[in-house]
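# Structural description and commentary
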Amino acid sequence: MTPTPATGHPAADHIAAGDGTSARADAETAVPADDAVQAAGRTAGELASAAEREAAALLAPPAPVRLGEVVPAPERVEPDAAADYLLAADAVIRVSADPAAVAVAGHLATLLRPATGYPLPVTDTATPVPAGGIALDLTGDAALGAEGYRLDITTDGVRIAAGTAAGLFHGVQTLRQLLPAAVERATPVAARWVLPGGSILDRPRYPHRGVMLDVARHFFGVTDVLRVIDHLARYKLNRLHLHLTDDQGWRIAIDSWPRLATVGGAGAVGDAPGGYYSRADYQRIVAYAADRHITVIPEVDLPGHTNAALVAYPELAPDRVAPPPYAGTEVGFSYVDPANERTYDFVTDVLGEIAALTPGRWLHIGGDEAFKVPAEVYAGFVERVQRIVAELDRDVIGWHQIAPAAHVDRRVLQWWGTTGEDPVTAEAVRRGARLVLSPGNHAYLDMKYAPDTPIGHDWAGLIDVRRAYDWDPASHLTGVPAEAVLGVEAPLWTESVTTLAEIEFMLFPRLPAIAELGWSPRSTHGWVSFRERLAGHGPRWDTAGIAYHRSPELPWPQPATPIPAPRGPAVSRSGGPPARPGATPGRG
Ligand code: TNX
């Protein structure tokens, strides 16, 4: 596969340059009411045609899959055309007698049973062998690393081998992609469940491969978040960063400061319904993610982006006066008082309670856009919060604005700038920080795909699939060595995103592009191959009922059964979830 240079692709002409701060003004341009209605209509239209494609996919015969069509691209693929395997109705899943491996086998059975209608019993054995079925072998072999796997498909059966349950889990996701798209159906379909013969050896490029979901600007309930976790799992992502607090809403119950959720959680952008996660809700999300080998990273954004907290507890405000609740989309105006000792009680209690519910290593402390806090005061505040995190035996992550603060062990900065230059961040890396890359102009999934995308921003430029794909995390920031990069993360801010269908529309098809940057070796990187492989997933998303953007850049396969011509104007058709009135860029 030949890497395609990032330069010279047509979309570059449309992309506004900016430093991510001054260009924010674009995002605040009001949308005239007529445009807003039209935008909502287009979203409904997109969703309705998704429903039509889903119906057509049900009628289409399953297309054969080739071994190399996996997204993200595996490290090594060796097809063997003579070794295709036909999954039989009496196939058995055999798995190493280890609880975590048995859980992965259960997950595989749950994925395959609905569409195949096969019973696929799971049996644990000391040394699983294919024997006409699927074997998941936890070998303890360190060579595949913490998340790698080996998949062998022969006429006799399938074997996935890995050193860890996470590796087996990723191998299962590959197996799923190698079955016909009809495997995504929720009810049995008569099909030949053929897997392409050959071997795959696969390991991730980076340990941190994430998505951030902003549940503060608009609130999304537990079931929506669980579905997003499913999407991460498909593409071998392993971190879900939850942006739990912002000016518009506080989304997690804190026992020692109860009004944060009950008062601070009441609103959202554009006066959409608020909400918050109870401790049990949050634990359910964390456990569901853990079952899929995904670590939740909770973010409490400090010291700015805290209007909702100040509404609930005015004692934390610099003037001790409760501000009004905020339903707009401006940033940078609020902050908790760094000169007040109560602020540190608040931070200690909040982070302590959240840490106690979070098995993962990381606590994200935000740190972005605290425009009203003077630089030295800000650095002192961040240093104190970093110490609080260390005392909780957790590792701190913050947006790259925390770079000037002193180093603490295992500190991680999340880069969201739109240029490849930032001496302050590079200097923090020299002092020992490591980086997660979320460049605004490539990885921000709240940016529009194109000028006519009905929702989203454009302050960091337009991000079509190619722009999401064509960059290299290892060399993105000047002065930052490749070894300092922990991985990539795609943030989805939700000022303009109000429903699960809209979340999916912004994630697909860009999320798999970021996933491939995080997982696949650079030697496999190439737009020409990627666009073909990715387009092949369209029928899977159709069948699974996942809303997505039919990017004109991708060669979507034609459904075998023609899609019926639309009747009447797109906006009047139903099918997908209807767009809510708030489905337009949120204004306060
Ligand atoms: C910048 S990126 C923000 C968010 C906004 C986002 C909108 C970052 C750390 N802060 O507060 O939601 O832009 O694109």
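Just so it is clear, the model here is predicted, and its values are computed rather than measured.

## A look at the packing of helix α15 (residues 510-519) against helix α16 (residues 527-535)
Following both chains from N to C, one finds α15 and α16 inclined at 130°, their axes separated by 11 Å at the closest point. As judged from the angle between their axes, α15 and α16 are oblique. Here the hand of the crossing between α15 and α16 comes out right-handed. Contacts between α15 and α16 involve Pro512, Ala513 and Glu516 from the first element and Phe530, Arg533 and Leu534 from the second. Grouping the amino acids of the contact of α15 with α16 by side-chain chemistry returns 4 nonpolar, no polar and 2 charged.

## Focus on α16
Owing to its 3.6 residues per turn, the α-helix aligns residues three or four sequence positions apart on the same side. Burial in α16 covers these residues: Trp527, Ser529, Phe530, Arg533, Leu534 and Ala535. On its buried face, α16 is in contact with α13 (465-469), α15 and α17 (538-544).

## Observations regarding the site of the ligand
By nearness alone, 14 residues border the ligand, and Arg217, Tyr444, Asp446, Trp459 and Glu495 come closest of all. Note that a nitrogen atom of the ligand is positioned 3.3 Å from one of the side-chain N or O atoms of Glu369. One of the side-chain N or O atoms of Asp446 is found 2.6 Å from an oxygen atom in the ligand. Relative to its unbound accessible surface of 360 Å², the ligand loses 100% to contact with the protein. For the shell around the ligand, the residue count by class is 6 nonpolar, 2 polar and 6 charged.

## Considerations on the confidence of the model for the protein chain
Here the protein chain shows a mean pLDDT of 88. Residues at 70 or above account for 84%. Under a pLDDT of 50 for its full length, residues 562-588 has, in the predicted model, 55 contacts with residues more than four places off or in other chains.

## Quick word on the environment of Arg467
Within the secondary structure layout, Arg467 lies in helix α13. In this structure the C-alpha to C-alpha distance between Arg467 and Ala443, which are 24 residues apart in sequence, comes to 8.6 Å. From its side chain, Arg467 meets the backbone oxygen of Asn441 in a polar contact 3.1 Å long.

## Here we look at the sheet that holds strand β3 (residues 93-96)
Strand pairing in a sheet relies on backbone hydrogen bonds. The paired strands run either parallel or antiparallel. Strand order in the open sheet made by the 7 strands is β1-β9-β6-β7-β5-β3-β4, with mixed pairing throughout. Single-partner strands in this sheet number two, and they are β1 (76-79) and β4 (122-125). The mean inter-strand angle of the sheet, taken between neighbouring strand axes irrespective of direction, is 10°. In this structure, β3 lies alongside β4, joined through 4 bridges in parallel fashion. Counted as the bridge partner of Ile93 is Val122 from β4. Helix-sheet contacts for helix α3 (residues 99-116) involve β3, β4 and β5 (134-138), and the interaxial angle to β3 is about 160°.

## Points about the pattern of salt bridges
Counted by the stated rule, this structure contains 27 salt bridges. Ionic pairing is found between Arg209 and Glu147, a salt bridge with its closest N-O pair at 2.8 Å. Placement of the pair is Arg209 in strand β10 (residues 208-214) and Glu147 in the loop between β5 and β6 (149-154), with a sequence separation of 62 residues. Residue Arg209 is classed as buried on the basis of its relative accessible area, which comes to 0%. The exposure class assigned to Glu147 is buried, which follows from its relative accessible area of 10%. When the shortest N-O distance is used, the salt bridge between Arg205 and Asp472 registers 2.9 Å. Residue Arg205 is located in the loop between β9 (198-202) and β10, and its partner Asp472 is located in the loop between α13 and β19 (485-492); the two are separated by 267 residues in the primary sequence. According to the relative accessible area criterion, Arg205 is partly exposed, its value standing at 25%.

Cut-off values and rules
Residues numbered from 1 in each chain as written. Predicted model: local features only at pLDDT ≥ 70, side-chain atom pairs only at ≥ 80, totals over all residues. Heavy atoms only, no water. Axes fitted to C-alpha atoms, helices over the stretch in contact; angles between N-to-C directions. Helix = DSSP H or I, 4+ residues; strand = E, 2+ residues; numbered from the N terminus. Parallel < 35°, antiparallel > 145°, perpendicular 65-115°, else oblique. Left-handed = near helix turned anticlockwise from the far one by under 90°. Contact = heavy atoms within 4.5 Å. Nonpolar A, V, L, I, M, F, W, Y, C, P; charged D, E, K, R; others polar. Buried < 20%, exposed > 50% of the residue type's maximum accessible area, 1.4 Å probe, protein only. Near = heavy atom within 4 Å. Polar contact = N/O pair within 3.5 Å; in protein donor to acceptor, adjacent residues only side chain to side chain. Areas by Shrake-Rupley, 256 points an atom, 1.4 Å probe, with all protein chains shown as cover. pLDDT = per-residue confidence, 0-100. Pairing = 2+ DSSP bridges. Salt bridge = Lys/Arg side-chain N within 4 Å of Asp/Glu carboxyl O.

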